[in-house]
Amino acid sequence: MQHSFHHMLMKAYFVMHRTVMAEAKALGLTSGQPKILELLSEHEGVEQKSIARSCEIEAATVGSLLERMEQAGLIQRRREPGNRRSLFVYLTDEGRRAAAQTEKIFARAEENAFSSMTAEQKKELYAALEQIYANLSKQGE
């Protein structure tokens, strides 16, 4: 039985999500937090609205995720001089440790996902997914 593209994409996403969250929960993280940690480890001092856009999460959801992350001591939010309207998000030392552990979790999950694929297949998949994302993003504008 051949499944539709959207069905296979959703199945792959949910299996990857389950795999990552099984380990991330042991770190005390909830859904959505690992990708925020990943983003912040690459770009410190990000505005909340940029986190929402980059992680494809609703702004209100990002707010509640960040609230829990702040209470857990993973991040701190602060205003920057000259910009009183926006909150910028920074990792704490504990957040950096959690981000490093999260990076290892993502790397293991990706290694498993690509285990039977050649480097060329992996490259082609990335390119195809980037094109699909661009196509679908244009429709949402």
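This write-up is about the structure you can find in this document. The numbers attached to residues start from 1 for each chain and follow its sequence in the written order. Given that the model is predicted, a residue must reach a pLDDT of at least 70 before its local features are reported, and side-chain atom pairs must reach 80 or more before they are shown or counted; all residues, however, enter totals for whole chains, interfaces and linings. To obtain the side-chain values, all non-hydrogen atoms of the structure were included, while hydrogens and water were left out.

1. Observations concerning the sheet that holds strand 3 (residues 83-91)
Stage number 1. Only strands joined by at least two bridges in the DSSP assignment are considered to pair. The helix count covers DSSP runs of H or I at least four residues long, the strand count covers runs of E at least two residues long, and both are numbered beginning at the N terminus. In spatial order, the strands read 1-3-2; together these three strands make up an open sheet with antiparallel pairing. Each edge of the sheet is formed by a strand with only one pairing partner; in this case those strands are strand 1 (46-47) and strand 2 (75-80).
Stage number 2. Summarising the sheet, strand 1 and strand 3 pair through two bridges and their orientation is antiparallel. By the bridge assignment for strand 3, V46 is matched with V89.
Stage number 3. Only heavy atoms enter the contact rule, under which two residues are in contact if any of them lie within 4.5 Å. Axis definition: a line fit to C-alpha positions, over the contact stretch in the case of helices; interaxial angles, taken between N-to-C directions, run 0 to 180 degrees. Its contacts with the sheet put helix 2 (residues 33-42) on strand 1, strand 2 and strand 3, and the angle it makes with strand 3 is roughly 100 degrees.
Stage number 4. Against the sheet, helix 4 (residues 59-71) engages strand 2 and strand 3, with an angle of about 115 degrees to strand 2.

2. Considering the pattern of salt bridges
Stage number 1. For this analysis, a salt bridge means a side-chain nitrogen from Lys or Arg found within 4 Å of a carboxyl oxygen belonging to Asp or Glu. Within the structure shown, the criterion is met by five salt bridges.
Stage number 2. Between E23 and R108 there is a salt bridge whose closest N-O contact spans 2.3 Å. Of this pair, E23 sits in helix 1 (residues 5-24) while R108 sits in helix 5 (residues 93-113), and the two are 85 residues apart along the sequence.
Stage number 3. Each residue gets one of three labels from its accessible area relative to the maximum for its type: buried under 20%, exposed over 50%, partly exposed in between, using a 1.4 Å probe on protein chains only. Note on E23: relative accessible area 31%, which makes it partly exposed.
Stage number 4. The exposure class assigned to R108 is partly exposed, which follows from its relative accessible area of 39%.
Stage number 5. For R97, the salt bridge goes to E94, with nearest N and O atoms at 3.0 Å. With R97 and E94 both in helix 5 and three residues apart, this pair spans about one turn of that helix.
Stage number 6. Look at E94 and you get partly exposed, because its relative accessible area is 37%.

3. Quick word on the side chain of T92
Stage number 1. Relative to the elements of secondary structure, T92 occurs in the loop between strand 3 and helix 5.
Stage number 2. Of the residues examined, T92 reaches a relative accessible area of 16% and is grouped as buried.
Stage number 3. In protein, a polar contact means a hydrogen-donor-capable atom and an acceptor-capable atom, both N or O and within 3.5 Å, with residues adjacent in sequence counting only if both atoms are side-chain atoms; elsewhere, any N or O pair within 3.5 Å suffices. Within polar-contact distance, the side chain of T92 engages the backbone oxygen of G73 at 2.4 Å.
Stage number 4. Filtering out sequence-adjacent residues up to four positions away, T92 remains in contact with G73, L74, I75 and Q76.

4. Describing the pairing of strand 3
Stage number 1. Note: strand 2 against strand 3, five bridges, orientation antiparallel. Paired with Q76 across the strands is Y90, a residue of strand 3.
Stage number 2. The loop that links strand 2 with its antiparallel partner strand 3 comprises two residues; one of these, G82, has a positive phi angle of about 90 degrees.

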